[in-house]
Amino acid sequence: MYVPGPDGNVFSPLNEPDEQGRFGNFGGKFAPEVLMPALEELEAAWRSARQDHAFLAEYEGLLADFVGRPSPIYEAKRLSRELGGAKIVLKREDLNHTGAHKINNALGQCLLVQRMGKHRVIAETGAGQHGVATATACALFDLECVIYMGRVDTERQAVNVERMKMLGATVVPVDQGSRTLKDAVNEAMRDWVTNVRDTHYVLGTAYGPHPFPWMVREFQRVIGREARAQMLAKFGKLPTCVTACVGGGSNAIGIMWDFLKDPVRLVGVEAGGRGITPGEHAARFSGGSVGIFQGSKSYLLQDENGQVLGTHSVSAGLDYASVGAEHAWLHDVGRVEYTFADDTAALDAFHRLARTEGILPALESSHAVAWAIAHAKDFTADEILLVNISGRGDKDIHTVMGAARV
Amino acid sequence: MSDRFEIRFGQKLSKGQKLFVAYIGAGVPGLEESVEVALELVRLGVDCIEFGLPFSDPYGDGAVNQAAAEMGIKNGVTVPVYFDLIRKIRAKTEIPLVAFGYSNPVWQYGLEKFAREAAEAGIDAVLLVDIPVEESDELDRACAKHGIATTFLTAPTTPAKRLEAIAARARGFVYHVSRTGVTGEQSSLSQTLGSEVQLVKSAVKIPVVVGFGLSTPDQVREVCAFADGAVVGSAIVRRTLQDKPTQAILQDIRELVGPLVEAAR
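The structure presented is a predicted model; accordingly, all values stated were derived computationally and were not measured. (Residues numbered from 1 in each chain as written. Chains lettered and ligands numbered in written order. Predicted model: local features only at pLDDT ≥ 70, side-chain atom pairs only at ≥ 80, totals over all residues. Heavy atoms only, no water.)

1. A short note on the overall build of chain A
The test is simple: The way it works is that DSSP assigns letters per residue, a run of H or I at least four long becomes a helix, a run of E at least two long becomes a strand, and they are numbered from the N terminus. We compute the radius of gyration over the C-alpha atoms and compare it with the globule rule, which gives 2.2 Å times the number of residues raised to the power 0.38. Residue exposure (1.4 Å probe, protein chains only): buried if accessible area is under 20% of the type maximum, exposed if over 50%, otherwise partly exposed. By definition, residues are in contact when any of their heavy atoms lie within 4.5 Å. Residues scored as positive are Lys and Arg, those scored as negative are Asp and Glu, and His as well as the terminal groups of each chain are ignored. Charged side chains are reduced to one point each, which is NZ for Lys, CZ for Arg, CG for Asp and CD for Glu.
Along the backbone of chain A there are 16 helices and 14 strands. The C-alpha atoms of chain A give 19 Å as radius of gyration, which agrees with the globular expectation for 406 residues (22 Å, within 12%). Seen through its C-alpha atoms, chain A measures out along the principal axes to roughly 55 × 50 × 45 Å. The buried share among the 406 residues of chain A stands at 64%. Here the analysis covers contacts within chain A between residues at least 6 apart in sequence; of these, 74% occur between residues at least 24 apart. Separation between the mean location of the 41 positive side-chain charges and that of the 49 negative ones in chain A comes to 4 Å.

2. Quick notes on the overall build of chain B
Counting its regular elements, chain B contains 12 helices and nine strands. Overall, chain B is about 45 × 40 × 35 Å in size when its C-alpha atoms are taken along their principal axes. Per-residue burial for chain B yields a buried fraction of 63% across its 265 residues. Here chain B contributes 28 positive and 33 negative side-chain charges, whose respective centroids are spaced 4 Å apart.

3. Remarks on the packing of aromatic side chains
We count it as follows: Aromatic rings from Phe, Tyr and Trp, with only the six-membered ring used for Trp, were paired whenever their centres fell within 6.5 Å, and each pair was classed as stacked if the ring planes differed by under 30 degrees, edge-to-face if by over 60, and tilted otherwise. Look at NZ for Lys and CZ for Arg. If either is within 6 Å of the ring centre and within 35 degrees of the ring normal, a charge sits over the ring.
Overall, the coordinates contain 24 aromatic pairs over all chains when judged by the stated rule. Ring centres 6.3 Å apart and planes at 55° place the aromatic pair tyrosine 201 of chain A and phenylalanine 212 of chain A in the tilted group. With tyrosine 201 of chain A in strand S8 (residues 199-201) and phenylalanine 212 of chain A in helix H9 (residues 212-220), this pair connects stretches of sequence that are 11 residues apart. Residue class for tyrosine 201 of chain A comes out buried when judged on its relative accessible area of 1%. Its relative accessible area of 1% is what places phenylalanine 212 of chain A among the buried residues. Here a set of aromatic residues connected by ring pairs shows up, and it is made of Phe51, Tyr82, Phe83, Tyr109 and Phe114 of chain B. Sitting over the face of the ring of tyrosine 74 of chain A, arginine 92 of chain A holds its NZ or CZ atom 6.0 Å from the ring centroid. Above the plane of the ring of tyrosine 109 of chain B lies lysine 113 of chain B, whose end atom (NZ or CZ) is 4.3 Å from the centre.

4. Some thoughts on the sheet that holds strand S14 (residues 384-389) of chain A
Residues and elements named next belong to chain A. Selection criterion: For two strands to be treated as a pair, DSSP must find at least two bridges joining them. Think of each axis as a best-fit line through the C-alpha atoms, taken over the contacting stretch in the case of a helix, with angles from 0 to 180 degrees between the N-to-C directions.
Read across the sheet, six strands follow the order S3-S4-S14-S9-S10-S13 without closing on themselves; strand pairing throughout is mixed. Two strands close off the open sheet at either side, each with one partner strand: strand S3 (73-75) and strand S13 (337-342). Here the strands of the sheet are splayed against their neighbours by 30° on average, with no regard to which way each runs. One ladder, built from six bridges, connects strand S10 (residues 265-273) with S13; its direction is parallel. Residue pairing for S13: valine 269 is matched across the bridge by threonine 339.

5. Quick word on the pattern of salt bridges
A side chain of one charge can pair with a side chain of the opposite charge if their charged atoms are brought near each other. For clarity, the cut-off: Salt bridge, as used here: a side-chain nitrogen of Lys or Arg that lies within 4 Å of a carboxyl oxygen of Asp or Glu.
A full pass over the atoms with the stated rule returns 51 salt bridges over all chains. Where glutamate 82 of chain A meets arginine 352 of chain A, a salt bridge forms, and the shortest distance between an N and an O atom there is 3.0 Å. On the criterion of sequence distance, the pair formed by glutamate 82 of chain A in helix H3 (residues 77-83) and arginine 352 of chain A in helix H14 (residues 343-357) is long-range, its members being 270 residues apart. The salt bridge partner of arginine 43 of chain B is glutamate 40 of chain B, with a shortest N-O separation of 2.9 Å. Of this pair, arginine 43 of chain B and glutamate 40 of chain B are both found in helix H2 (residues 31-43), three residues apart, which corresponds to roughly one turn of the helix. Arginine 43 of chain B sits in the exposed class, given a relative accessible area of 59%. Classification of glutamate 40 of chain B as buried rests on a relative accessible area of 6%. Taken together, the salt bridges that share partners define one network made up of Arg217, Glu218, Arg221, Asp258 and Glu326 of chain A.

6. A look at the environment of isoleucine 389 of chain A
Residue and element names in this part refer to chain A. Mapped onto the elements of the fold, isoleucine 389 is located in strand S14. On the basis of relative accessible area, isoleucine 389 is assigned to the buried category, the value being 0%. Between the C-alpha atoms of isoleucine 389 and valine 171, which are 218 residues apart in sequence, the distance is 26 Å. Apart from the residues within four sequence positions on either side, isoleucine 389 is in contact with Leu90, Lys91, Arg92, Glu93, Asp94, Leu353, Pro361, Ser365 and Val369.

7. Here we look at the interface of chain A and chain B
Selection criterion: Note on definitions: buried area is the accessible-area loss of two parts on being combined, 1.4 Å probe, summed for both. Contacts described as polar in this section are N or O atom pairs within 3.5 Å, which, within protein, must combine one atom able to donate a hydrogen with one able to accept it, while residues neighboring in sequence count only if both atoms come from side chains. Note on residue classes: Ala, Val, Leu, Ile, Met, Phe, Trp, Tyr, Cys and Pro are nonpolar, Asp, Glu, Lys and Arg are charged, and everything else, Gly too, is polar.
Between chain A and chain B, the contact holds 39 residues from the first and 36 residues from the second. Overall, the association of chain A and chain B removes approximately 3000 Å² of surface from exposure, summing both partners, and the carbon and sulfur fraction of that is 48%. Where chain A touches chain B, the interface holds five salt bridges. Linking arginine 22 of chain A and glutamate 135 of chain B is a salt bridge whose minimum nitrogen-to-oxygen distance equals 2.2 Å. At the junction of chain A with chain B, the criterion picks out 22 residue pairs in polar contact (both at pLDDT 80 or more). Sorting the residues of the side of chain A that touches chain B by element identifies strand S2 (26-30), helix H1 (36-49), helix H8 (181-195), strand S11 (289-293) and strand S12 (295-300) of chain A as the ones contributing at least two each. By residue number, the principal contributor to the side of chain A that touches chain B is H8 of chain A, which donates seven residues. Partitioning the side of chain A that touches chain B into residue classes produces 14 nonpolar, 14 polar and 11 charged.

If you want it as structure tokens, here you go:
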């Protein structure tokens, strides 16, 4: 179901957003005046760093020696055999140091923080993986670290809260609003507005005001760049389809970007929660419309008055009302398909991958696994379905145990 | 009609007096009650009211204004209801009224429709916290077509180059934020505030008012020594959030705002 680009057979991705920070109609810099100079400073630092061989060498060195990259691709033979149809191959971001793809971005941004001469870092976190990654990078670079996390998420991801504290970070539970990820972002923005002169906000996903969606994508592109080369080396061909879960969308844009020009079907899987009715899910492309939220124009779950709706997902990391601007553009131009998996399917996928392959996927990644399980039969045995296992599921054991009791 | 700025602000400033601007949340403590609060402020002599259009996620605001936004939404403030409230205030006063909020409810309603109906209801200016000058083209076009001013915040972090861009587009007044931070009361003002305001005033030709964190007559006097006026928000909003009969809330507002208005004279 690959859709050719408007100029013929090859789709033209946007190497970078336009001068206003937009991907088509999406993105931009919808931020309070007090932050605008910091966003300009960040963009300038990022533009200079990405051309700087010393910066890139340091970043790549850390990815190799500290994170343990490249992460392998792994053929899930038992799962493929049980399902029938596609040969399912997993990209193992769960094997990264700290247990998820988030470390790729946290290290990149913290290197930039050093370059900008700032000493304090703040971040939001949902599932806690970005918080842990940021706390880890801050320990490594000796930066002060404050993590905002919705109260509900601190409870369902208690292990990650303890990890962050052990790494020297301060974790601030957020009691505003729905007490989940969007409220943690609000509080982080408030901190940034207040302490902008000496603080950098390490945004954890390819969302927010320009240059975050672009910069985070570039830090996560290593996933797809590696996977593409590994596919060619190991199987001598590209996958027929690549799938990833989409919360803010950083693991998905990271694995998909280097396949955009290829004849490869790309499927993003959002959180279907308890069903596509308002407040019960986080499937922005199924139940949302275009809006402006937390710095960016994108698809947003909102009511008819423009108030942001509550969301629900069994996975804290997908439990968010909006989605990265580049995904909104890729949706509208039709290059990437966006669908959803509900809580039950994600939990089933979690158990199934555990029992067939000995891998506990994060509940976020379990949504992509759920799509693969449901659609494996759409493919033939010589077609490869590449699934991004964006993180490991150890952090989710309590949630999964709780769900089993219900 | 940006004329109301020229008339009211012009008259006051030409007499050597300073401006007092009040911020309150629409629908707080109730729909009709927020109109009563606004009219009480008019009777107390405020020169302009920023009437907060509530948004579910006001990340530029502190806890008090967030609580007010939540209450406004709960009490049923949508854009049409908001314009109803404005009409009721406008029927009784000719001071400038500013629609103050965040962009999403306005974009969702439709910019063109919002600007047209805002003008009909009696709004003079629109200020949206998350619309910096770079993102203001569409808003500016829609507002200009219907004779509404767009105005902007300036911040301690705003460099001279950005001030020029803001000066080129801001109409009515410019709102200088007294500190890096969200809205909410504070005990003392920044040492550099005076020089910041001088910088803003040298860039713009319209009045510059200062807000964020002001709540006492002394602070208003301090700010009015170098700015064209002062804005007080959270301190008033906090009183409107009290679980008290409306008359008692209005009494508290009289006690708070009377001396603040005096301080700006």
